[in-house]
Amino acid sequence: MGKFLRIFILTLVLVSFAFAQGEWLFNQTADSLFKSGVELFKQGLNLRTLYGDTFGFSYFESAYKNFNSVMSLGLNHRTSASYLMASKSLSYLGRFSDARNLLEEFLLRFPESGYVEDAYYTLGLIYVKLGDFKKAVLNLDRAISKTRTEKDKYLKIVGIIVNSLGNSDFVGLEREDLTRDVRYLLVLGFADKIASSGKLEDAKKYVANNLFYFKGTEFYEKLMLKISYFDRLLVRPKLKIGALLPEKESLSESILKGMEIAIDQHNLNSNPKVGIEVRYYRSENVDQKLLNFKNYPEVVGVIGPVYSQDIELCSRFVDELKVPVISPTAMSDGLTGLNNYLFQFNSDLSTRARALAQFAIFALDLKYFAVLAPNDRMIKPFVDSFIDEVRRNSANIVAIQFYNPEETDLRPHFRNLISKFDSLKIPLNEISNEKIGLFAPILNPDYIGIISSQVYYHDLKVKLLGNDVWNNYAELYMNRRYTDGVIFTGGQYVDFESSTFKNFAKLFKEKFGTEPDEFAVYGYDSANLILKIIEEGKLTGDEIYKALKNFEIGGVGRDVVFNESRVNRNVSILVFRDNLIRRISQWVVNR
C-alpha cells in the first residue's frame, strides 16, 4: 500500500467551489470565513509539498476551525462546501474517523449537492486509512457512478485497493450493485489472488463464471484474454531474468541480492515462477557476455550493464537479444539512442537538469536565474539542458558565468553576476525577493563550501540550486551555516522509515544476514520493473519490451516513469534543511 499512500497525499486536493447554491442565503461572515479557510488550507498543502508530511498541521487546524464555524452559522451558500473542506482538513490532521463522520452527515443532509461525487471519493480514501477496504471500494464506486471527468483516476485507485482486499471482502462486494468497471477490477483481482495460491484451474473457472456480467462490453474480450493467460501459465516453462554485472565488484553482489529478494517475493505470490541467469563481465568481453543470453530463450529481460562506458561497448549487440536490457545505474546522455532495446532506470543528466528547471519554475515560482558553472565538457550537457528548459518555459536567464574547474576564488564571478542583475535593476539582496535562482552545478563537492559561503557573504537572497554532486552530507553539514535550504537533484533516495524499505530490509536480512546497501535497492527496484509486467500477463521479451515503453511503478529507492525515450523521467529533488537531506519531490519531467 506504500504507493497508494503517496496517491492519497497527492489526491486530497482542492476542488472547485463554483457550483450553484443560489437557493441558500448569502452570508457575508460565512463567505469571509470560508475564503480565509481555503487560503489556510492551501498554505498547509504548500508546506507539505516543500518540507514533508510533518509540516502544515497548524494551518490545517486553523482551516478546519474556519470551515466548522461556517457550518455553525446555519444553512448558507458556503455550508456544503465547508463540509467537504472541513473533512479534508481533518484528514490532513490524521483525524480520519471525524472526517468520515462529517462526510457521512453531509451525504445525508445534501444528497443532491454538486459535491456528492467529491464526498464519495474523499470518503473512499478515508476508509483506506481506516483499513476498511471494502467500504473504500464501495464509496469510490459511487464516485465513479457520478463522475463525468475523473473516472480513470478513481479506477486507478480502486485497482490499487483491490490488492489489499481479503477473500471475505471480495465475496461481500460481489453481492453489491457495482459499476461494470469496478466489478471488472474485482473479478481480475480475485482471480489473480486465486492464481497466486497455485490454483490456476480455479482462477480460470472463476473468471469464466463471471463472464455473463460483461456480455456485449469491452470487458468480455479482456476477460477472455485472462482465461487464455491462465491457459498459457498452465503450460509455460519457468521464465528467467538475466543479470549482466561487472566481475569481482562488491556492487555486483549487492545488485544480485536485491534482484533475488524481488524474485523471491514474486515467486511466493505470483505466477509464472521466475529464475535468474547470471553473467559476470569485464569491459573487454561485455559484448560477448551479453550475446550469450541469446542461447537462453527463457530470458525475457536483462539487468545490466552497470556503467555507461560498458553500455557503449556492447550497445551494437543489444537489439540482437530482442528483450529489454535495463541498466540500473548508468546516467550518461544518449545511451538509449545507440539502440532500441536499452532502458535507463537512472535518469540521465539532461533529464535531471530539466527536472530541476521545471521544479524551480513551477514549484518554487522562480522567474530569474543566474548560472555559475565550471567550464568543463563533462558538465556542459547538464548546464545546457537547464538553460534550454528555463527558456522553454518562459523564465529568464539573466547571467551566465563559467569558471576554470581548478579555480577556487570565485569572488570575481560573483561580482560579475551581481553587476548584471544590478544593470537590469533586479535586486539580489532584498529579503522580500523570492523569485531568483542561482544554478551552480559542480564537479567536486569541495565547491559546496566555496559557493555557498560566497552567496552568504554577498548577502544574496537567492534560491541556491545544484546537481547531484551537492548530495554530499559531510560537506553540506560542515558548511551548514551557508547551505541550509539548498536544493539539488539526486538519483535514488531511500526513506529508511518507510514501510516499503522496512519490509525489503527485513527480507534481505533474513536471507543474507546483513543490511541492504544502495546497490541492493537498485537491484530490487529494477528487477521489479520486469516482474510487475510479468504479473500483468506479458510473458515474452517482446511483450515486456512494449509494456516498458509506457510504464510507471513505485519503488523503494525511486519511482520509475518510462515512455518512448526509455529514460526514467522521474527525478528526485532533494533539500538540505535543519541538518538533514530530505526528498521534497519526485518530479516527472514534462518533455
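In case you missed it, the structure is sitting above this.
Residues numbered from 1 in each chain as written. Predicted model: local features only at pLDDT ≥ 70, side-chain atom pairs only at ≥ 80, totals over all residues. Heavy atoms only, no water.

Engineer: Explanation requested: the pattern of salt bridges in the structure shown.
Structural biologist: In a structure, side chains of opposite charge can pair up when their charged atoms sit close to one another. Summed over all chains, the structure comprises 34 salt bridges. The salt bridge involving Arg 282 is made with Glu 284; its shortest N-O contact spans 2.8 Å. Using a relative accessible area of 37% as the deciding quantity, one classes Arg 282 as partly exposed. You can call Glu 284 exposed: its relative accessible area is 58%. Residue Arg 352 is joined to Asp 468 by a salt bridge in which the shortest nitrogen-to-oxygen separation is 2.3 Å. Residue Arg 352 is located in helix H16 (residues 349–363), and its partner Asp 468 is located in the loop between strand E9 (463–466) and helix H20 (473–478); the two are separated by 116 residues in the primary sequence. (Salt bridge = Lys/Arg side-chain N within 4 Å of Asp/Glu carboxyl O. Buried < 20%, exposed > 50% of the residue type's maximum accessible area, 1.4 Å probe, protein only. Helix = DSSP H or I, 4+ residues; strand = E, 2+ residues; numbered from the N terminus.)

Engineer: Sorry if this is basic, but what is going on with the nonpolar core here?
Structural biologist: In a soluble, globular protein the nonpolar side chains are often hidden away together inside. One finds Phe 106, Phe 230, Phe 504, Leu 529 and Leu 548 to be the most contacted residues of the largest nonpolar core, which totals 137 residues. The element contributing the most residues to this core is helix H23 (residues 518–535), with 10 residues. In this view, Phe 504 contacts Ile 261, Pro 516, Ala 520, Val 521, Tyr 524 and Val 556; residues no more than four positions away in its chain are not counted. Leu 410, Leu 417, Tyr 447 and Trp 470 belong to the second-largest nonpolar core, a separate cluster that totals 30 residues. (Core = buried A, V, L, I, M, F, W, Y, C linked by side-chain atoms within 4.5 Å. Contact = heavy atoms within 4.5 Å.)

Engineer: Just to check I follow, could you spell out the pairing of E9 for this structure?
Structural biologist: Note on strand geometry: in a regular strand, side chains alternate between the two faces of the sheet. Here strand E8 (residues 436–439) pairs with E9 via three bridges, running parallel. Residue pairing in the sheet places Gly 437 in a bridge with Lys 463 of E9. With helix H19 (residues 447–457) bridging E8 and the parallel E9, this β-α-β connection has right-handed handedness. Bridge count for E9 against strand E10 (residues 487–490) is two bridges, and the pairing is parallel. Following the sheet pairing, Gly 466 is matched in E10 by Phe 488. (Pairing = 2+ DSSP bridges. Right-handed = clockwise from strand over helix to strand, strands pointing away.)

Engineer: Sorry if this is basic, but what is going on with the packing of helix H9 (residues 167–174) against helix H10 (residues 180–196) here?
Structural biologist: To characterise two packed helices, one gives the angle between the axes of the helices and the distance between these axes. One way to put it is that H9 packs onto H10 with a least axis distance of 11 Å and a crossing angle of 150 degrees. Taken together, H9 and H10 sit at an angle that is classed as roughly antiparallel. The way H9 lies across H10 gives a crossing that is left-handed. Contacts from Asn 167, Phe 170, Leu 173 and Glu 174 of H9 reach H10 at Arg 183, Leu 186, Gly 189, Phe 190 and Lys 193. The residue makeup of the contact of H9 with H10, split by class, is four nonpolar, two polar and three charged. (Axes fitted to C-alpha atoms, helices over the stretch in contact; angles between N-to-C directions. Parallel < 35°, antiparallel > 145°, perpendicular 65-115°, else oblique. Left-handed = near helix turned anticlockwise from the far one by under 90°. Nonpolar A, V, L, I, M, F, W, Y, C, P; charged D, E, K, R; others polar.)

Engineer: Would you take a moment to explain the packing of aromatic side chains for this structure?
Structural biologist: Both the distance between ring centres and the angle between the ring planes are used here to describe each pair of aromatic rings. Under the counting rule described, the total for this entry stands at 36 aromatic pairs. Between Tyr 83 and Phe 110, the ring centres sit 5.7 Å apart and the planes meet at 70 degrees, which makes this aromatic pair edge-to-face. Residue Tyr 83 is found in helix H4 (residues 79–92), and its partner Phe 110 is found in the loop between helix H5 (96–109) and helix H6 (116–129); the two are separated by 27 residues along the sequence. Considering the side-chain rings of Tyr 184 and Phe 214, the 6.3 Å spacing of their centres and the 80 degrees angle between planes classify their relative orientation as edge-to-face. Highlighted residues: Tyr 184 in helix H10 and Phe 214 in the loop between helix H11 (200–209) and helix H12 (218–235), separated in sequence by 30 residues. Look at Phe 214 and you get buried, because its relative accessible area is 0%. Put simply, the rings of Phe 496, Phe 501, Phe 504, Phe 508, Phe 512 and Tyr 524 touch in pairs and so form one group of aromatic residues. (Phe/Tyr/Trp six-rings, centres within 6.5 Å; stacked < 30°, edge-to-face > 60°.)

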